[in-house]
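Here is how the chains run, residue by residue.
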Amino acid sequence: QYRPGKITRKSQIRTILDQAIGQRSRIEFGFDPEVDERPLAKCVITDMNENGFIMELPDYIRPTTEWKTKVAYCFFSLELRKGAPPIFYHSASNIIDVKRPSPRDPVSLILSIPEEMEIKQKRRHLRLSLGLSDVLLFNIWPMKYNKESKPENYTKLFGQPDLKMTRDGKSALRLDNISAG
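Residues numbered from 1 in each chain as written. Predicted model: local features only at pLDDT ≥ 70, side-chain atom pairs only at ≥ 80, totals over all residues. Heavy atoms only, no water.

Q: For this particular structure, what's the right way to read the overall build of the protein?
A: Counting its secondary structure elements, the protein contains one helix and 12 strands. Across the protein, helices and strands are ordered from the amino to the carboxyl terminus as β-α-β-β-β-β-β-β-β-β-β-β-β. When the 181 residues of the protein are sorted by exposure, 29% land in the buried category. The long-range fraction of contacts in the protein, counting pairs at least 24 apart against all pairs at least 6 apart in sequence, stands at 59%. Here the protein has roughly 12,600 Å² of accessible surface; of this, 50% comes from carbon and sulfur atoms. (Helix = DSSP H or I, 4+ residues; strand = E, 2+ residues; numbered from the N terminus. Buried < 20%, exposed > 50% of the residue type's maximum accessible area, 1.4 Å probe, protein only. Contact = heavy atoms within 4.5 Å. Areas by Shrake-Rupley, 256 points an atom, 1.4 Å probe, with all protein chains shown as cover.)

Below is the structure:
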């Protein structure tokens, strides 16, 4: 039912949002992640109707009327089966309205139901922790750039690496984890 990639069926998107409400899933909310990768706040979806869903903001967030013209980017995870690893979702929704019924009530955003959801994690990299027995050889060469500020083609430039790690454990280089993105 939930396959990696994009989810575009409204009924599926509504089901996912309904599960987020049921699990009181924390939503990491922010604006354009290309401009600012840090989330603005951790929120909770409290309700949903045919027009959109309501996301409650923490007290320290003071939205302005300009927010009504913005797009909210949301990252959250759901546990689909007890004990199973969580599934991570990303969506973008238009902010329809900003509400605060009374000074004692929290501020809420009313967001449109997203046109699509993606199954993906917030971070753009993968980090693996490996044992030395899992790595046959690990070498590091300095990055060199050509005149157009593009990395040089290393197939002809390799030569001896600056740092080298071997399985015998005699090198000064130690591998804690591998991160790529």
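On we go from here.
Q: Just checking my understanding: could you explain the state of the cysteines for this structure?
A: One way to say it: the disulfide is the covalent bond shared by the sulfur atoms of two cysteines. If you walk through the whole model with that rule in mind, you get zero disulfides. Cysteine Cys-43 is unpaired, with the sulfur of Cys-74 as its nearest cysteine sulfur at 7.5 Å. The buried category is assigned to Cys-74, whose relative accessible area is 2%. (Disulfide = S-S within 2.5 Å.)

Q: What am I meant to see in the side chain of Asp-97 here?
A: Following the sequence through the fold, Asp-97 ends up in strand β6 (residues 87-99). Among the polar contacts made by the side chain of Asp-97, one reaches the side chain of Lys-99 at a distance of 3.2 Å. Ignoring anything within four residues of it in the chain, the contact list for Asp-97 reads Lys-68, Ser-108, Leu-109 and Ile-110. (Polar contact = N/O pair within 3.5 Å; in protein donor to acceptor, adjacent residues only side chain to side chain.)

Q: What should I look at first to understand the environment of Tyr-89 in this one?
A: For Tyr-89, the location among the structural elements is in strand β6. The spacing of Tyr-89 and Lys-120 is 31 residues in sequence and 5.4 Å in space, taken between C-alpha atoms.

Q: Sorry if this is basic, but what is going on with unusual backbone geometry here?
A: The backbone of Arg-24 sits at a positive phi, close to 50 degrees, despite the residue not being glycine. By the element assignment, Arg-24 lies in the loop between α1 (10-22) and β2 (26-30).

Q: I keep staring at α1 and nothing clicks. Help me out?
A: Side chains that are three or four residues apart share a direction in an α-helix, a result of its 3.6 residues per turn. Taking 1.5 Å as the rise per residue, α1 with 13 residues should run 18 Å; its terminal C-alpha atoms sit 18 Å apart, in good agreement. Within α1, the full set of buried residues consists of Gln-12, Ile-13, Ile-16, Leu-17, Ala-20 and Ile-21. On its buried side, α1 packs onto β1 (6-7), β3 (41-48), β4 (52-56), β5 (71-78), β6 and β8 (117-119). One or two residues past the end of α1 sits Arg-24, with phi positive at roughly 50 degrees. (Expected span 1.5 Å × (residues − 1).)

Q: Looking at this model, I keep getting lost on the pattern of salt bridges. Mind explaining?
A: Two side chains carrying opposite charge are able to pair once their charged atoms lie near each other. Counted according to the given criterion, the structure contains five salt bridges. Between Glu-28 and Lys-42 there is a salt bridge; the shortest N-O distance is 3.7 Å. One end of the pair, Glu-28, is in strand β2; the other, Lys-42, is in strand β3, with 14 residues separating them in the sequence. Taking relative accessible area as the criterion, Glu-28 reaches 16% and is therefore assigned buried. A relative accessible area of 44% means that Lys-42 is categorised as partly exposed. Close ionic contact of Lys-99 with Asp-97 constitutes a salt bridge, the shortest N to O distance being 3.2 Å. Using a relative accessible area of 43% as the deciding quantity, one classes Lys-99 as partly exposed. Overall, the relative accessible area of 18% leaves Asp-97 in the buried class. Taken together, the salt bridges that share partners define one network made up of Lys-68, Asp-97 and Lys-99. (Salt bridge = Lys/Arg side-chain N within 4 Å of Asp/Glu carboxyl O.)

Q: What am I meant to see in the environment of Pro-33 here?
A: With respect to the element layout, Pro-33 can be found in the loop between β2 and β3. Taking the C-alpha atoms as reference, Pro-33 lies 9.8 Å from Ala-72; in sequence the two are 39 residues apart.

Q: When you look at the packing of aromatic side chains in this model, what are you seeing that I'm missing?
A: Think of a pair of aromatic rings as described by two things: how far the centres are apart, and how the planes are tilted against each other in angle. Inspection of the entire model under this criterion finds four aromatic pairs. Aromatic pair Phe-29 and Phe-31: ring centres 5.4 Å apart, planes at 75 degrees, arrangement edge-to-face. Here the aromatic rings of Phe-76 and Tyr-89 are separated by 5.4 Å at their centres, their planes lie at 25 degrees, and the arrangement is stacked. Separated by 13 residues along the polypeptide, Phe-76 in strand β5 and Tyr-89 in strand β6 bring together distant segments of the chain. Residues Phe-76 and Tyr-89 agree in their burial class; the two are buried. Ring-pair connections join several aromatic residues into one group, and the members of that group are Phe-29, Phe-31 and Trp-67. (Phe/Tyr/Trp six-rings, centres within 6.5 Å; stacked < 30°, edge-to-face > 60°.)

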